[in-house]
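Now for the letters of each chain:
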Number of protein chains: 2
Amino acid sequence: MRIGGADEEIAGIIERINSFDDFFTTSSCSGRIVLICLPEIGAKREAKFIGKWHRAVAKEEVLEAIKSSEKGEIWLLSQSPILHVSCRGLEKAKTLLRIAIQSGFKYSSIKAIANSKDNGKVVVEIVSTERMDVPLGKDGVMFCSESYMDFILSKGNFMLERGKGKLKRFYYGLKEVEENLFLGRKG
Amino acid sequence: MRIGGADEEIAGIIERINSFDDFFTTSSCSGRIVLICLPEIGAKREAKFIGKWHRAVAKEEVLEAIKSSEKGEIWLLSQSPILHVSCRGLEKAKTLLRIAIQSGFKYSSIKAIANSKDNGKVVVEIVSTERMDVPLGKDGVMFCSESYMDFILSKGNFMLERGKGKLKRFYYGLKEVEENLFLGRKG
């Protein structure tokens, strides 16, 4: 789970979603580039974060962060914005899902549906397709060159920008819903 | 959409799912390593496949495939097994989703719910977290070294194996359901 903190871009969206009666956000991230160290291959859940940026990152910053890595594989990941929203009832969840997909978050889906009847809790995950998962090296030894690192960081930084553009579209998508008075407001 | 063909590992699963009254598969892939050429950054939908392997791949094969690339970025992707299953009704979809997640397909979700009432069509996507998305070069120029390619291919091949192990678990998970006579059978 990625909990918002310095994620300014997403703050307006969270505020808007939480202003509706039938929605609340449970986690969020505006997109990020991370450097992780995996103690063992495939065990991403045990990953240690050795670098985390919600903005464009420079090679020097990544190289500096790598110095603090321990034994294990080092991966550089570029991750899409992500939002988890708890919705009251399936129909509201489907509305949110539609808006998210129309805004460019094409990998969005329903992650869980509570077992209660009609108006149960439904968790929608909002996420886009932009993604990069690159293994860089192992046990402190980098298998890639610095010029290759320049190349992948330019991709990662570009994806980050693209994700932020989609967040803007999603924000305005939510506004439309609001204007159409489709959903009740809190307070 | 990835349609099964040479995907032997997944054939038994497809057969089993389609033997149930309330399920049918709409697309599937047992996991693969692909080499794509993107005419423009970020436009993954316009990607041209220049290599596709449902088994462990050797560096020589990848290098050979790269020769046929055109103008654009070249990416190597390692993709999880994927299955799309159309389910009759939400409860059946949730059962399938639970089995998939328990079998290790932790990114599985509900992708779409038809607009009809209780027994509408629900599409479940079954997919795991194993994934690698590595940019290699641009316009025929490789930005990574051959030894780096060895490294990422060892990761990709390992992920492929892991995915096939999960398919086995999922197959036996489905068998359990069948034995418990939880779901009706066709014919």
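Our structure is the block above this text.
Residue positions within a chain follow its written sequence, with the count starting from 1. Note on labels: chains are lettered from A, ligands numbered from 1, in written order. For a predicted model such as this one, the threshold for reporting local features is a pLDDT of at least 70, and the threshold for listing and counting side-chain atom pairs is 80 or more; totals across whole chains, interfaces and linings nevertheless cover every residue.

Student: Can you help me understand the overall build of chain A in this one?
Tutor: Counting its regular elements, chain A contains four helices and nine strands. What counts as a helix is a DSSP run of H or I of at least four residues, what counts as a strand is a run of E of at least two, and both are numbered from the N terminus. Along the chain direction, N to C, the helices and strands of chain A fall in the order α-β-β-β-α-β-β-α-β-β-β-β-α. In chain A, which comprises 187 residues, the proportion classed as buried is 41%. In chain A, of all internal contacts separated by at least 6 residues, the share reaching a separation of at least 24 is 68%. Burial is judged by counting the other C-beta atoms within 10 Å of a residue's own C-beta: 20 or more makes it buried, 12 or fewer makes it exposed, and any count in between marks it as partly exposed, with every C-beta position built from the backbone. By definition, residues are in contact whenever their C-beta atoms, placed on the basis of the backbone, come within 7 Å of each other.

Student: What exactly am I supposed to notice about the interface of chain B and chain A here?
Tutor: In many reports, interface size means the accessible area that the parts give up when they come together. Counting residues at the interface gives 27 residues for chain B, matched by 27 residues for chain A. Looking at the side of chain B that touches chain A, the elements with two or more residues in it are helix H3 (90–102), strand S6 (109–113), strand S8 (132–138) and helix H4 (146–179) of chain B. In terms of residues, the side of chain B that touches chain A owes the most to one element, H4(B), which gives seven residues. Taken together, the residues of the side of chain B that touches chain A sort by class into 13 nonpolar, five polar and nine charged. Gly is put with the polar residues, along with every residue not named as nonpolar or charged; the nonpolar set is Ala, Val, Leu, Ile, Met, Phe, Trp, Tyr, Cys and Pro, and the charged set is Asp, Glu, Lys and Arg.

Student: Quick question: what am I supposed to make of the nonpolar core here?
Tutor: The nonpolar side chains of soluble globular proteins are, as a tendency, buried together. The nonpolar core is taken to be a set of buried Ala, Val, Leu, Ile, Met, Phe, Trp, Tyr and Cys residues joined by way of C-beta atoms within 7 Å. With 50 residues, the main nonpolar core has A:Val124 and B:Val124 as its most contacted residues. Once residues lying within four places of it in the same chain are set aside, the contact partners of A:Val124 are A:Val85, A:Cys87, A:Ala93, A:Leu96, A:Leu97, A:Ser108 and A:Ile110. A:Val34, B:Leu35, B:Val57 and B:Leu160 belong to the second-largest nonpolar core, a separate cluster that totals 43 residues.

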